Amino acid sequence: VLLHHISEELDEEAAVKSLPSALILVLLYALMNLAHDTQASVRSVEEAFTSDITENGNFAYSGNMGFKDRNDVNSASDFWSWMNKGMAPLYFLDKKWVSEDSGLDLGSYSDEEKLFYLNHNRKVAPLRMSQEVVGKVDCQNEELSSKFQMECTKDTALDLTLDPTAFDVSQISFDEAEGKTVFLHDDDYQSVLRDLE
């Protein structure tokens, strides 16, 4: 019994002695990851996109002022107004912007300039729009669902008694609706948006 206890104590001592080297390994990995992957730069670019779309993607114009942004989209008509008046003009550059009520005409963007978003970030693909839906499941009460002519969907675990945050919504698993994905290109986005409305 005494030898067994001493053996256990020696094993525990060896485990504790290996802890500093394991912590140093984790710390070195984290530092290497920060140095090579530049998460701060990626995050700042993502924030720039989000900020630009939120602050400058306005709709519900009265004169030169758009009074609503993407957070004010509450219906299908709001969404299409935001897409046509807010999002599309930001992403698909046409004429160079000037201040409101300015008589200046700086011309159109060149084909090379249209390949960039926020002047520095190169677009690598067309803008993808897809509809996401909650997946369908078999109903527990088929008689009731057929009576009301309703389908049952899986639980999203999203508490809608409070306004969900962007993080809450991003954590939900939706299914992409088949046949509801379109790609918007610089040369045909207006006609595609008109067809979708």
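Since this is a predicted model, take the numbers as computed values, not measurements. (Residues numbered from 1 in each chain as written. Predicted model: local features only at pLDDT ≥ 70, side-chain atom pairs only at ≥ 80, totals over all residues. Heavy atoms only, no water.)

**Structural notes on the packing of helix α2 (residues 39-56) against helix α3 (residues 76-91)**
At a closest axis distance of 9 Å, the pairing of α2 and α3 adopts a crossing angle of 140°. When the axes of α2 and α3 are compared, the pair comes out oblique. Regarding α2 and α3, the two cross each other, and that crossing is right-handed. On α3, the residues that touch Asp 52, Ile 53 and Asn 56 of α2 are Trp 82, Met 87 and Leu 90. (Axes fitted to C-alpha atoms, helices over the stretch in contact; angles between N-to-C directions. Helix = DSSP H or I, 4+ residues; strand = E, 2+ residues; numbered from the N terminus. Parallel < 35°, antiparallel > 145°, perpendicular 65-115°, else oblique. Left-handed = near helix turned anticlockwise from the far one by under 90°. Contact = heavy atoms within 4.5 Å.)

**Regarding the layout of surface pockets**
In this structure, the largest pocket occupies an estimated 1,400 Å³ of space. Taken together, 29 residues line the largest pocket, and the ones lying closest to its centre are Arg 70, Phe 79, Trp 82, Ser 130 and Glu 132. Here the lining of the largest pocket is composed, by residue class, of 17 nonpolar, eight polar and four charged. Reported here for the second largest pocket is a volume of approximately 620 Å³. The biggest single contributor to the lining of the second largest pocket is α3, with five residues. Along the lines of polarity and charge, the residues of the lining of the second largest pocket split into nine nonpolar, eight polar and six charged. (1 Å grid on protein atoms, 1.4 Å probe; cavity = no way out; pocket = protein on both sides within 12 Å on 5 of 7 lines; lining within 4 Å. Points joined across faces, edges and corners; volume = space filled by probe spheres on them. Nonpolar A, V, L, I, M, F, W, Y, C, P; charged D, E, K, R; others polar.)

**Some details on the state of the cysteines**
Between two cysteines, a covalent bond joining their sulfur atoms is known as a disulfide. Counted under the stated rule, the structure contains one disulfide. Through a disulfide, Cys 139 is tied to Cys 152; the S-S separation comes to 2.0 Å. Classification of the bridge connecting Cys 139 and Cys 152 rests on its S-S torsion, roughly 115°, and on that basis the disulfide is right-handed. Placement of Cys 139 in the loop between β6 (136-137) and α4 (142-147) and of Cys 152 in strand β7 (residues 152-153) is noted, with a sequence separation of 13 residues between them. When its relative accessible area of 13% is taken as the criterion, Cys 139 is described as buried. We classify Cys 152 as partly exposed; its relative accessible area is 25%. (Disulfide = S-S within 2.5 Å. Buried < 20%, exposed > 50% of the residue type's maximum accessible area, 1.4 Å probe, protein only.)

**Regarding the environment of Asn 119**
With respect to the helices, strands and loops of the structure, Asn 119 is situated in the loop between β3 (116-117) and β4 (121-122). Sequence spacing of Asn 119 and Lys 136 is 17 residues, and the spatial spacing of their C-alpha atoms is 43 Å.

**Regarding helix α1 (residues 2-37)**
A turn of α-helix holds 3.6 residues, and therefore any two residues three or four places apart point the same way. With 36 residues, α1 extends 52 Å between its outermost C-alpha atoms, agreeing within 8% with the 52 Å of an ideal straight helix rising 1.5 Å per residue. Along its length, α1 shows its largest kink, about 30°, at Leu 19, and proline Pro 20 lies within four residues downstream of that point. Thr 38 sits one or two residues past α1 and shows a positive phi near 45°. (Expected span 1.5 Å × (residues − 1). Bend = angle between axes of the 7 residues up to and from the residue.)

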